[in-house]
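Given next are the chains, with one letter for each unit.
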Amino acid sequence: MPLEPSVNSTERILVYGNTGSGKSNAILTVAKRCPDANFYVIDNDLGITPIIENEMPELSADNGGNVHVYFCDSFDEHMDALAEIQEKAKAGDWLVIDMLGSMWGLAQERFSDIVYGKGLDQHLMDAAIRAEKDDDGSPPFDGMRDWPSITQTHAKVYREMLKASINKKMNLYCTAASAELMDDRGKIKESKANKETYGGIGWKPKGQKEMGHKFNTILMFEKKGIGKWYMTGVKDRGRESFEREEFTDFAKDYLVKKAKWNAVVKKKVDDADSTN
């Protein structure tokens, strides 16, 4: 049965987890249950694209479905896609970024290309060689000169996401990989807010360290054994917390059971009634 929210508000969901934890597949279960909504997917990880091509071709907009995929390989391509999506979208549609965590690296890549005239990999390699030769330990990016610009560039993504959510009334669903909260020396170098949010979990979303602050809901996905997936509510404003609950259908197990979306029964119109 189709789903619709029980209150006049939009979802802002960030899901993180390791490879195979079900992040990409989860939003497609929602697309199946919300046929009247368009799902605009920015796929920079080739996570959703092969699922649609091989397992759910009926969802593709090319086949008359409601999932529109934009494959983006650079920061500027992401910004162009976000602008185009906002022109097309209507209230109740979904903006999906798979993976949002990759945007932090792409912002650094863009800065390196423009300022240093080389790709990020080459820039980091040159910095490592320079540090080895000079033994000065200088970082690849200057804390006072470079990082503020990179941070501002990366912030553009969040501004466009929030514009889509607030102005266009779109739902947000973004993904990220997992990263251990503790470093190699057994220390946690995180802000107080991040320690409070992820300290009890031990894992955080991989990417820009404050990325979770833009979302009302943060979920961690895990896969344990064969065919068993679990989700934990790391942050879920206005909803009950939960830990490692098994799920098979994200639309049903989260949106209906946790977020209280409604399953709508559409009434059939009799032929006789339709002629009156």
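Along each chain, numbering runs from 1 in the same order as the chain's sequence is written. Per-residue local features of the predicted model are confined to residues with pLDDT of at least 70, and side-chain atom pairs are confined, for both listing and counting, to 80 or more; whole-chain, interface and lining totals are unaffected and use all residues. Side-chain figures throughout are based on the complete set of non-hydrogen atoms in the structure, without hydrogens or water.

### Digging into the sheet that holds strand S2 (residues 12-16)
Right, on to step 1. Strand pairing requires that DSSP identify at least two bridges connecting the strands. Labels follow the DSSP assignment, with helices taken as runs of H or I lasting at least four residues and strands as runs of E lasting at least two, numbered in each case from the N terminus. One open sheet holds the 8 strands; their spatial order is S4-S3-S5-S6-S2-S9-S10-S11, and the pairing between them is mixed. The outermost strands of the open sheet, each flanked by one partner alone, are strand S4 (67-71) and strand S11 (245-247). Direction aside, neighbouring strands of the sheet carry axes that sit 25° apart on average.
Right, on to step 2. Bridge count for strand S5 (residues 94-98) against strand S6 (residues 171-176) is 4 bridges, and the pairing is parallel. Working convention: axes come from line fits to C-alpha atoms, limited for helices to the stretch in contact. Angles between N-to-C directions cover 0 to 180 degrees.

### Let's talk about the nonpolar core
Right, on to step 1. Counting 37 residues, the largest nonpolar core has Ile42, Leu95, Leu100, Val157 and Met161 as the members making the most contacts within it.
Right, on to step 2. For this core, the elements supplying multiple residues, two or more each, are S2, strand S3 (39-43), helix H3 (75-88), S5, helix H4 (103-116), helix H6 (147-166), S6 and strand S9 (217-223).
Right, on to step 3. Residues count as neighbours in contact if any of their non-hydrogen atoms are within 4.5 Å of one another. When near neighbours in sequence (up to four residues on either side) are disregarded, Leu95 contacts Tyr40, Ile42, Leu82, Ile85, Met161, Ala164, Met170, Asn171, Leu172 and Tyr173.
Right, on to step 4. Ile27, Phe221, Phe247 and Ala259 belong to the second-largest nonpolar core, a separate cluster that totals 32 residues. Residues enter a nonpolar core if they are buried and are Ala, Val, Leu, Ile, Met, Phe, Trp, Tyr or Cys, with the set joined through side-chain atoms within 4.5 Å. The classification of residues rests on relative accessible area computed with a 1.4 Å probe and restricted to protein chains. Under 20% of the type maximum is buried, over 50% is exposed, and intermediate values are partly exposed.

### Some remarks on the packing of H3 against H6
Right, on to step 1. Viewed as axis vectors pointing N to C, H3 and H6 meet at an angle of 15°, and their least axial separation amounts to 10 Å. One element, H3, and the other, H6, form an angle in the roughly parallel class. Regarding H3 and H6, the two cross each other, and that crossing is left-handed. Only Thr153, His154, Lys156, Val157, Glu160, Lys163 and Ala164 of H6 make contact with H3, whose side of the interface consists of Phe75, Met79, Leu82 and Gln86.
Right, on to step 2. A breakdown of the residues in the contact of H3 with H6 according to their chemical character gives 5 nonpolar, 3 polar and 3 charged. Our angle categories are set so that under 35 degrees counts as roughly parallel, over 145 as roughly antiparallel, 65 to 115 as roughly perpendicular, and the remainder as oblique. Crossing handedness: left-handed means the near helix sits turned counterclockwise from the far one by under a right angle, and right-handed means the same turn made clockwise. Ten residues, namely Ala, Val, Leu, Ile, Met, Phe, Trp, Tyr, Cys and Pro, are considered nonpolar, four, namely Asp, Glu, Lys and Arg, are considered charged, and the remaining ones, Gly among them, are considered polar.

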